[in-house]
Amino acid sequence: SNTGPIPPVVDQETTYTIHWFLANLSNDLENAKVVGILPTQVKYTNQTSPKSESIEFNERTNEITWNLGKIKAGAGVISDAKEVLFQVKIKPSPDQVDQKVDLLDDTKFTALDTFTNNWIIFSLGKKDNILLEEGRDFPSLVQTR
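In what follows, the accompanying structure is described. Position numbers for residues count from 1 along each chain, tracking the sequence in the order it is written. At least 70 in pLDDT is required for a residue's local features to be given in this predicted model, at least 80 for side-chain atom pairs to be given and counted, and no such filter applies to totals for whole chains, interfaces and linings, which use all residues. To get the side-chain values, take all heavy atoms of the structure and skip hydrogens and water.

Helix numbers and strand numbers start at the N terminus; a helix is a DSSP run of H or I with at least 4 residues, a strand a run of E with at least 2. When helices and strands are counted, the protein chain shows zero helices and 11 strands. Tracing the protein chain from N to C terminus, the helices and strands come up as β-β-β-β-β-β-β-β-β-β-β. Buried residues are those whose accessible area, probed at 1.4 Å on protein chains only, stays under 20% of the maximum for their type, while exposed residues exceed 50% and partly exposed ones sit between those limits. Counting all 145 residues of the protein chain, 37% fall into the buried class. At a minimum sequence separation of 6, the contacts of the protein chain that also span at least 24 residues come to 71%. By element, 49% of the accessible surface of the protein chain is carried by carbon and sulfur atoms, the whole surface being about 8600 Å². Whether two residues are in contact is decided by their heavy atoms: any pair within 4.5 Å suffices. A 1.4 Å probe and the Shrake-Rupley method give the accessible areas. Residues count as covered only by the protein chains that appear here.

This brings us to the packing of aromatic side chains. Between rings of Phe, Tyr and Trp, where Trp is taken as its six-membered ring, a pair exists when centres lie within 6.5 Å; planes separated by under 30 degrees are stacked, by over 60 edge-to-face, and by other angles tilted. By the definition in use, this model includes four aromatic pairs. Centroid distance Trp20 to Phe86: 4.8 Å. Interplanar angle 70 degrees. Geometry classified as edge-to-face. A residue pair is termed long-range when its members are at least 10 positions apart, and Trp20 in strand E1 (residues 14-22) and Phe86 in strand E6 (residues 82-90) qualify at 66 residues. By the burial criterion, Trp20 is buried, and Phe86 matches it. With a centroid separation of 5.0 Å and an interplanar angle of 35 degrees, the aromatic rings of Tyr44 and Phe57 are classed as tilted. Here Tyr44, found in strand E3 (residues 42-49), pairs with Phe57, found in strand E4 (residues 54-58); they are 13 residues apart in sequence, far enough to count as distant.

Secondary-structure assignment places Asp113 in strand E8 (residues 106-113). The definition of a polar contact used here is a pair of N or O atoms within 3.5 Å, where within protein one atom must be able to donate a hydrogen and the other to accept one, and adjacent residues in sequence count solely through side-chain atom pairs. Here Phe115 takes part through its backbone nitrogen, which lies 2.8 Å from a polar atom of the side chain of Asp113. Ignoring sequence-local partners within four residues, the contact set of Asp113 consists of Asn27, Asp28, Leu29, Asn118 and Ile120.

This paragraph deals with the environment of Ser1. For Ser1, the position within the fold is in the segment before E1. In this structure, the C-alpha to C-alpha distance between Ser1 and Tyr16, residues 15 residues apart in sequence, is 8.8 Å. Ignoring sequence-local partners within four residues, the contact set of Ser1 consists of Thr15 and Gln87.

Our focus in this paragraph is the pattern of salt bridges. Salt bridge, as applied in this entry: a Lys or Arg side-chain nitrogen positioned within 4 Å of an Asp or Glu carboxyl oxygen. Summed over the entire model, instances satisfying the criterion amount to five salt bridges. Here Lys126 ties to Asp102 by a salt bridge, and the two come within 3.5 Å at their closest N and O atoms. Remark: Asp102 occurs in strand E7 (residues 102-104) and Lys126 occurs in the loop between strand E9 (118-123) and strand E10 (127-128); sequence separation between them is 24 residues. On the basis of relative accessible area, Asp102 is assigned to the buried category, the value being 18%.

What follows covers the nonpolar core. Put simply, a nonpolar core is a bunch of buried Ala, Val, Leu, Ile, Met, Phe, Trp, Tyr and Cys residues held in one set by side-chain atoms that sit within 4.5 Å of each other. Trp20, Val88 and Phe109 are the most contacted members of the largest nonpolar core, which has 25 residues in total. Elements supplying a minimum of two residues to this core: E1, strand E2 (29-37), E3, strand E5 (63-71), E6, E7 and E8.

Another aspect to go through is the environment of Pro5. Within the secondary structure, Pro5 is located in the segment before E1. On a C-alpha basis, the gap between Pro5 and Thr15 in space is 8.8 Å, while along the polypeptide they are 10 residues apart.

And the structure:
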């Protein structure tokens with residue numbers, strides 16, 4: 001469960017759950033991973049779901065990495081999609097009043113297509129606390145909600 005005021009209030013913690021969802025409509029993939037960079041004002045709470053997913057957090061670089069390994073063709077269509085949730089928290093400072101707060105600076109997906117032997121690299125970019133995409137479908141490989 002998330003806690004704290006929405007919209008965020010100065011000097012009060014608010015938590016957000018980031019949901020990464022991946023479907024693979026084409027060829028089998030291997031060495032798949034998603035890497036997100038947390039801005040300095042965002043803290044990882046060490047809460048993830050499901051626990052069976054391989055999530056690593058590097059405190060030095062503020063990178064959160066989801067190691068997916070192999071992903072079969074049709075994941076999300078003929079079999080379950082890959083997904084993971086993790087929680088972050090912010091505590092806005094006075095200079096952030098009425099401002100959006102970035103929760104992720106950048107998110108990138110990489111994987112090797114085993115049929116073409118080419119690397120797939122997909123960048124989603126920044127994600128802030130303005131949650132406009134709730135309930136909408138996106139055609140992208142990786143979604144952050």
